[in-house]
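Summary of the model geometry
As a plain string of letters, each chain reads:
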Amino acid sequence: AIGQCALASKLDSFVVSVRMTCQKLNMLDSHRALFLLRTYFGLPKVLHLLRTSPTFMFMDKLKIADASLRSCLSTILNIQINNNQWSQASLPINHGGLGIRAPSDIASSAFIASLTSCLPLVSVLLGVDSPFHPEFQRACLDWQQRCSNSPLPIENLSQKHLTEKVFLAKKTKLMESLFDTEKA
C-alpha cells in the first residue's frame, strides 16, 4: 500500500540522516558528539514516526537504523562495538547504558502508548465505543516478545512504562548472556 511505501521511505531517510550526521559529529570531540547523538540526532529524531506509525512492522528497516546508530557510536568512540556491548550501550543510562536507544526497541511501545492515549478522544469524535486500529494486536504481540512474553500491563500503557519493561527484559537477557568476569 502507499502508506507502507511512504513509511519505508521515511525509515530509509532516517538511516541516511544518521549516516550524514555521523560524518559531521566525527568532527567534534567524542564527548560532545556522544551527547548530541544521544539527545538530538538518534532516537529523538524519529520518535514521532515511531509513535504515529506501525514502524514495528518494518523490523528490517529498524535494524538497519539500529546498525547505523551503532556504527555512528563506534566511530565517535573510535572502538569496535560487539553485540553485547551494543545491547548495553542501547540501554538507558539508569540501566547502565549510554542512552543511545535503538529504534527497534522502542517501536511497538511507542505505537501502543500513542494509540491508547488518543483512544478516548477518537471514540468521542467517531461516536463509537472502542475504535480499533488494525495493527494494535500486532504491536502488542511484538511488545510481548520483547518482554519475554509478559502480559501487557493494561493498568499503565504509557510509553515510559512500556519501554521500561522492554529495557528490563533486555538487561536481564544481557546479564544472563555474560560470563561472571564480564559483569561489573
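Going by the structure above, here's the rest.
None of these values were measured; they are calculated from a predicted model.

1. Topic: the packing of aromatic side chains
Tallying each qualifying case throughout the model produces 3 aromatic pairs. Relative to F111, the ring of F56 lies with its centre 5.6 Å away and its plane at 50°, an arrangement referred to as tilted. One end of the pair, F56, is in the loop between α3 (47–52) and α4 (59–77); the other, F111, is in helix α6 (residues 103–126), and 55 residues separate them in sequence. These aromatic residues form a ring-pair network of at least three members: F35, Y40 and F41.

2. Topic: α4
Relative to the 27 Å expected for 19 residues at 1.5 Å per residue, α4 spans 26 Å between its end C-alpha atoms, a close match to the ideal helical length. Buried residues of α4: M59, L62, A65, D66, S68, L69, C72, L73, S74 and I76, and no others.

3. With respect to the pattern of salt bridges
As enumerated under the stated definition, the model contains 6 salt bridges in all. With its nearest N and O atoms 3.8 Å apart, the salt bridge here joins D105 to R146. Of this pair, D105 sits in helix α6 while R146 sits in helix α7 (residues 136–146), placing them 41 residues apart in sequence. The class of D105 is buried, set by a relative accessible area of 7%. Since its relative accessible area comes to 22%, R146 is described here as partly exposed.

What counts, and at which threshold
- The residue count restarts for each chain, going from 1 along the sequence in the order it is written.
- Totals for whole chains, interfaces and linings use every residue, but because this is a predicted model, local features are given only for residues with pLDDT of at least 70 and side-chain atom pairs only at 80 or more, for both listing and counting.
- The side-chain figures draw on all heavy atoms in the structure; neither hydrogens nor water molecules are used.
- Working definition: rings of Phe, Tyr and Trp (its six-membered ring) pair if their centres are within 6.5 Å, and the pair is stacked with planes under 30 degrees apart, edge-to-face with planes over 60 apart, and tilted otherwise.
- Here a strand is any run of E in DSSP of at least two residues, a helix any run of H or I of at least four, and the numbering for each starts at the N terminus.
- One less than the residue count of a helix, multiplied by 1.5 Å, gives the span that helix is expected to have.
- The classification of residues rests on relative accessible area computed with a 1.4 Å probe and restricted to protein chains. Under 20% of the type maximum is buried, over 50% is exposed, and intermediate values are partly exposed.
- A side-chain nitrogen of Lys or Arg and a carboxyl oxygen of Asp or Glu constitute a salt bridge if their distance falls within 4 Å.

Shape descriptors only; they carry no functional weight alone.
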